[in-house]
Amino acid sequence: MGIYTELYPVNNHLRHAELLDGLWRFQFDPESRGEADAWPKNGLPESISMPVPASFSDVFTDARSRDYAGDFWYETAFCVKEVSPDKRYFIRFGSVTHTCRVFVNGVECASHTGGFLPVVADVTSAVVPGMNRLTVKVNNELSETNIPCGTTVRRSDGTKRSMGYFDFFNYSGIQRSVYYMELPKRAIRDYSLVYRLEGSDAYIDYDIEADGGDEVSIAFIDAEGSIVARENGAQGTLFIPSAHLWKVRNAYLYDVVIELKQGGKVTDRYTAKAGIRTVEIKGESILLNGEKVYLKGFGKHEDADMIGRGFNYAIAKRDYECLKWIGANCFRTSHYPYAEEWYRMADEEGFLIIDEVPAVGMMRSIANFLTAGRGEAKGFFAECPDIETLSKNHKAAIEEVIARDKNHPSVIAWSIFNEAETYTELAEKYFAPLFELARVLDPQKRPLTGALEKSSSPAGCRVNKMMDFICLNRYYGWYISGGELEEAERMFREEMDAWQAKKLNKPFVFTEFGTDTLDTLHKLPGVMWSQEYQQEYMSMHFEVFAGYPAIQGELAWNFADFQTGQGIMRVNGNKKGVFTRQRQPKAAAYTIRERWLNIK
Ligand code: CKU
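Residues numbered from 1 in each chain as written. Predicted model: local features only at pLDDT ≥ 70, side-chain atom pairs only at ≥ 80, totals over all residues. Heavy atoms only, no water.

A.B. asks: Could you give me a rundown of the overall build of the protein, with the residues and numbers involved?
C.D. replies: In terms of helices and strands, the protein carries 10 helices and 30 strands. Here the C-alpha atoms of the protein give a radius of gyration of 24 Å, agreeing with the 25 Å that 2.2 N^0.38 yields for 600 residues. Projected onto its principal axes, the C-alpha positions of the protein cover 70 × 70 × 45 Å. Counting across all 600 residues of the protein, residues that qualify as buried make up 60%. Here the contacts in the protein between residues at least 6 apart in sequence split such that 71% fall between residues at least 24 apart. Surface exposure of the protein reaches about 22600 Å², of which carbon and sulfur atoms provide 50%. Taking the 70 positively charged and 83 negatively charged side chains of the protein as two groups, their mean positions are separated by 0 Å. (Helix = DSSP H or I, 4+ residues; strand = E, 2+ residues; numbered from the N terminus. Rg over C-alpha atoms; globule rule 2.2 N^0.38 Å. Buried < 20%, exposed > 50% of the residue type's maximum accessible area, 1.4 Å probe, protein only. Contact = heavy atoms within 4.5 Å. Areas by Shrake-Rupley, 256 points an atom, 1.4 Å probe, with all protein chains shown as cover. Lys, Arg positive; Asp, Glu negative; His and termini not counted. Charge placed at Lys NZ, Arg CZ, Asp CG, Glu CD.)

Here's what the structure looks like:
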């Protein structure tokens, strides 16, 4: 089955999972001396307290701390009641952004590159009974060999500054929950489920990976608590007659119970939710359970006041309530995989997710939005200092996101990149093996895609042939012909005609279109940045979408205003939210709601 990131933590009489969230110790290390000075062993010498999970940036009141780039450290303690030879001990981070090394009692137990997927440290050989010191060395510098791409420069005083080739603040730190886990020595490591529907019956091909042995079983339990299917063995097929299907915005979840036995005794149990559904692309349609679905929603960010990219249940819940209110059924995890809790909530609410890896910024540009929005991108791959390392990190992200999210019914597609160079031979060579990898790894063989910016034109793009459906990010009426909606519409239709003429026989989904809009600005007739203009822009797009049958989805940019780096085009962040950063509707929210509630 490939790699695993250790299954999402659960608690039962055989598994122990304890949240370590709270106030940790924290220290910047601009001279990178922490290791030489044995901080993992002796403790952080001059630490301050820091909330986990949260980005560190926005809790500070000085700019240097907020914008810090380089090494920094976190530290906490956890309790191991007894160290048993029958158990294994883990620390599982939802993510650590962007690279880290994990130490327990001074012993290095794990290292990880990539800031948006789990970091699992097997700490078995390092723990002692009683209190244990957990130390994490983090680095948030950006480069062209890791994703998301960017660069790190030095200011004249020698301090470092990270500059992303992307349009969101480089939030970092321990931004997701951390668990201490005790698992049986021989444990259930991973499982996958693949659905086939025949009439109203469901066949579920399952594959369980467990330490030592075939003595495993799997059961599906319905919402009433009855076992509806059960099988023994590591691989097999479950059959559920008249199955309840997981449908868009009408989710039915079964409980799955996987057990591992040794000598007739249950030694491990893993429980999860499962939704029975199929996804496929047929011609120009996206089919869920064989039925056409039109995607309505947004590109989002994990972003909020104070906590930055830190996961918070109340914010996620509010976002889902806003999504429901406006009539959405889908979002893209632009531009990185989100915290696992987002997917668990989507499974429950029946939302569809296009799950994107953090491959953004494959374009040398600090104001990448302008470059990409206008189609002025120059090459990236030709100048990339180390394409092999970049590709290795990109592949790891694909591998890890599929390992982590493969069983979520909400995940209907993988997005392999956002707005990369796609129009050169080098780009084609770079992406082909990545798409290949994703195809091999996903047991459910979900559709693959990537978000194309303006330079990826109908004539020039060499990567769309690898995609099962085509995602377009377009800004006619903003970066192109801003303030001139009629002219913008004409150019927009011209491009769509050119795509249509290619007869690709694939669905198109708009993954970005939008205008920066100040919630304080009204103007009649509308001008750029006013609420009226955002409404007019949306209405124009809806008319164009209606004219092209291949368009099977509209994900506006963005769900909410979000923080970016500073610049003359950003007023304390990107204001393309249909909701404000505090999740209150702008005028366009009502225009969109009117439409989406009426699209079935
Ligand atoms: C968005 C085609 C432009 C790229 N797109 C990327 C996204 O991350 C930006 O926030 C543009 C924008 O400019 O608002």
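A.B. asks: Report on the packing of aromatic side chains, specifying residues and quantitative values.
C.D. replies: Under the defined criterion, the tally for this structure stands at 55 aromatic pairs. For the pair Trp325 and Phe579, a centre-to-centre distance of 6.1 Å together with 70 degrees between the ring planes defines the contact as edge-to-face. One end of the pair, Trp325, is in helix α3 (residues 313-326); the other, Phe579, is in the loop between β30 (551-557) and α10 (587-596), and 254 residues separate them in sequence. You can call Phe579 buried: its relative accessible area is 1%. Judged by centre distance (5.5 Å) and plane angle (80 degrees), the rings of Phe492 and Phe510 are edge-to-face. Of this pair, Phe492 sits in helix α8 (residues 485-501) while Phe510 sits in strand β29 (residues 508-512), and the two are 18 residues apart along the sequence. By the burial criterion, Phe492 is buried, and Phe510 matches it. Following the ring pairs from residue to residue traces out a cluster consisting of Phe116, Phe166, Phe168, Phe311, Tyr313, Tyr320, Phe331, Tyr336, Tyr338, Trp342 and Phe351. (Phe/Tyr/Trp six-rings, centres within 6.5 Å; stacked < 30°, edge-to-face > 60°.)

A.B. asks: Run through the site of the ligand, naming residues and quoting values.
C.D. replies: With respect to spatial proximity, 15 residues lie near the ligand, and among them Asp167, Glu419, Tyr479, Glu512 and Lys576 are the closest. Separating an oxygen atom of the ligand from a side-chain N or O atom of Trp557 is a distance of 3.0 Å. At three residues, the largest contribution of residues to the shell around the ligand is made by helix α5 (residues 368-374). Across the shell around the ligand, the residue classes tally to six nonpolar, three polar and six charged. (Near = heavy atom within 4 Å. Polar contact = N/O pair within 3.5 Å; in protein donor to acceptor, adjacent residues only side chain to side chain. Nonpolar A, V, L, I, M, F, W, Y, C, P; charged D, E, K, R; others polar.)

A.B. asks: How would you explain the environment of Gly290 if you had to name every residue and give the values?
C.D. replies: Tracing the backbone through its elements, the reader meets Gly290 in the loop between β21 (285-288) and β22 (291-292). Residue classification places Gly290 among the partly exposed residues on the basis of a relative accessible area of 46%.

A.B. asks: Hey, could you go over the pairing of strand β5 (residues 87-93) for me, with residue numbers and the actual values?
C.D. replies: With respect to burial, β5 is a largely interior element, six of its seven residues being buried. Relative to strand β8 (residues 119-122), β5 runs antiparallel, the two being bridged by four bridges. Looking across to β8, one finds that Phe90 is bridged to Asp122. (Pairing = 2+ DSSP bridges.)

A.B. asks: A description of the sheet that holds β8 should follow, citing residues and the corresponding values.
C.D. replies: Ordered in space as β1-β12-β5-β8, the four strands form an open sheet in which the pairing is antiparallel. The open sheet has two edge strands with one neighbour each: β1 (16-19) and β8. Adjacent strand axes in the sheet meet at a mean angle of 20 degrees when their direction is disregarded. In this sheet, strand β12 (residues 178-184) lies alongside β1 in antiparallel orientation, the contact comprising four bridges. Across the sheet, the residue bridging to Leu19 is Tyr179, located in β12. (Axes fitted to C-alpha atoms, helices over the stretch in contact; angles between N-to-C directions.)

A.B. asks: Mind laying out the sheet that holds β30, listing which residues take part and the relevant values?
C.D. replies: The eight strands are arranged β23-β24-β25-β26-β27-β28-β29-β30 in a closed barrel whose pairing can be described as parallel. The sheet shows a mean angle of 25 degrees between the axes of neighbouring strands, taken without regard to direction. Judged from the two bridges that link them, strand β27 (residues 448-452) and strand β28 (residues 470-473) form a sheet pairing that is parallel. Within β28, the position partnered with Leu452 by the bridge is Leu472. Packed onto the sheet, helix α7 (residues 425-441) meets β26 (411-418) and β27 and runs at close to 160 degrees relative to β26.

A.B. asks: Can you lay out the nonpolar core for me, pointing to particular residues and giving the numbers?
C.D. replies: Soluble globular proteins: nonpolar side chains tend toward being buried together. Grouped together as the largest cluster of nonpolar side chains are 93 residues, with contacts concentrated most on Met362, Phe417 and Phe431. Of all the elements, helix α9 (residues 531-546) adds the most residues to this core, at seven residues. Once you skip the residues sitting within four places of it in the chain, Phe417 turns out to touch Glu356, Ala359, Thr422, Phe431, Phe435, Thr449, Gly450, Ala451, Leu452, Val463 and Met467. (Core = buried A, V, L, I, M, F, W, Y, C linked by side-chain atoms within 4.5 Å.)

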